[in-house]
Amino acid sequence: MKKSIAQLADGRELIYYDTDDTPVRTEAPDPRPLDRVESRPEIRRDEATGDWITIAAHRQSRTYHPPADACPLCPSRPDRPSEIPAADYQVAVFENRFPSLAGDAGRCEVVCFTPDHDAGFADLTEERARLVLDAWTDRTAELSELPGVAQVYCFENRGAEIGVTLPHPHGQIYAWPFVTPRTVKMTAAADRHRAATGRNLFEDLLERARAGTERVVLAGEHWTAFVPYAARWPYEVHLYPHRRVADLTGLSEAERAEFPRLYLDLLRRFDRLFGLDAPTPYISAWHQAPLHGGDELALHLELFTVRRTAGKLKFLAGTESGMEAFINDVTPEAAARALREAL
C-alpha cells in the first residue's frame, strides 16, 4: 500500500491509498475557491441516560442528493472539480467538509472506495477490498493517536433507505471523543461475563455460533460470519476473526488476506437476498475496542439491512425508538438459512 497526502483548498487533509504497483500521487492542488468551514459541534450528556449526544447544527447545509454530474466524490474533471482533485484514484480518504465531530470534539473522515460512481463495495475486486481494509487500518492507527480520541469507528451506510445523501460508494470514519453507548453496554456485558465465568464473552459467542452451525452463514480459516442468537434486525450478520484482537491494527497478514473474499461474498449474498434488481440497503459497522478500558472487547463487523422482505422495510417504531426494545420478525436461524442459500 502507498499513501499520498495532499491538502484541499480549505485546509482539510486528503489521503490517496494505492496498491504497491502504482506511483506515489503528485496531483495538482485543489483549484476550488473554498473558504474554511467553521464547524463547532457540541458534545452534551443526556443526564437521564448518561449517553453522549452530538449537536451539529451546521450539517443542515450539507450536500444533499446532487445530480450524478455534480457528485463531489467522483474524480475531478477540468469543468467539474470535486472533493478529490485527482483525475483518477483507487481509494481516497478526506476530512468531511460537514463533520459531526471536529476540533476538540473529534474528527470525521470520508472514505471513497472506488472512483466508479455506479459501483458498490460488492463490485470491488479482492485486491481493492484489501486496499480499503488497509486504509481503515491505517486511519484507525493514526486517529487513535489524536489527543482526546476515545474510540475509532469505521462504517458504511448504503442506500437511500438508510438515509444516504451521496450515492457514490463511500463510507465514513468517526474518531469519537467519548465511548459510544453501544460500546459501553458491550463492555459492561463482557465484564460481567468475565466475572461470572472467567472467560471472554466474544470468544464464547463465536464458539457457540460455530458449534451449532445453524446460524453460520459462511466460514473460512480465519473468519466466521454468523447471525447472532438474539439478532435485532431481520437480516443481521456478525463477522468475527477467530483470534480475538482489539481493533483492525491487531489483525495478522493471514487474517487480512482472507477477509476480502469472505466480506465480498457476504455483501453479494445480501444483494441477492430479496430477488430484487435494486441493491440491498445496509449498514456495515466495525466494532473496535475503545482506547482505554476495553480489554474484554473483540474486533468484529456487524452487517445488517433495514429491509425485512422484498417490499417492506423494518422501521423502528414505538418499542424500538421509544424504549430500545427490539422486536424481530425473522428468526435468526431462518435468516442464516436464507443467506446461505442466497448464492
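Conventions and cut-offs
Residues numbered from 1 in each chain as written. Predicted model: local features only at pLDDT ≥ 70, side-chain atom pairs only at ≥ 80, totals over all residues. Heavy atoms only, no water. 1 Å grid on protein atoms, 1.4 Å probe; cavity = no way out; pocket = protein on both sides within 12 Å on 5 of 7 lines; lining within 4 Å. Points joined across faces, edges and corners; volume = space filled by probe spheres on them. Helix = DSSP H or I, 4+ residues; strand = E, 2+ residues; numbered from the N terminus. Expected span 1.5 Å × (residues − 1). Bend = angle between axes of the 7 residues up to and from the residue. Buried < 20%, exposed > 50% of the residue type's maximum accessible area, 1.4 Å probe, protein only. Phe/Tyr/Trp six-rings, centres within 6.5 Å; stacked < 30°, edge-to-face > 60°.

A.B. asks: A description of empty space enclosed by the protein should follow, citing residues and the corresponding values.
C.D. replies: Here the structure, examined in full by the defined rule, presents 3 cavities of 30 Å³ or more. Taken as a whole, the largest cavity encloses approximately 50 Å³ of empty space. Lining the largest cavity we find F202, E203, L206, Y240, P241, H242, R243, R244, A298 and L299. For the lining of the largest cavity, the elements supplying multiple residues, two or more each, are α3 (201-212) and β11 (235-241). Examining the composition of the lining of the largest cavity, we find that 3 residues originate from one element, α3, more than from any other.

A.B. asks: I'd love a proper account of helix α4 (residues 253-272), names of residues and values included.
C.D. replies: Its 20 residues place the ends of α4 30 Å apart at the C-alpha level, agreeing with the 28 Å of an ideal helix rising 1.5 Å per residue. Roughly 30 degrees is the biggest bend found in α4, and it falls at F259, with proline P260 one to four residues downstream. Among the 20 residues of α4, 14 are classified as buried, and the element is accordingly described as predominantly covered.

A.B. asks: Just give me the short version of the packing of aromatic side chains, but keep the residues and values in it.
C.D. replies: Counting across every chain of the model gives 18 aromatic pairs. With 4.9 Å between their ring centres and 70 degrees between their planes, F113 and F121 make a pair best called edge-to-face. Given the relative accessible area of 1%, F121 is considered buried. A ring pair is formed by W223 and F259, whose centres lie 5.2 Å apart and whose planes are at 55 degrees; its orientation type is tilted. In this pair, W223 is assigned in strand β10 (residues 223-226) and F259 in helix α4, connecting sequence segments 36 residues apart. A relative accessible area of 0% places F259 in the buried class. Ring pairing ties together the aromatic residues F113, F121, W136, W223, F259, Y263 and W286, which thus form one cluster.

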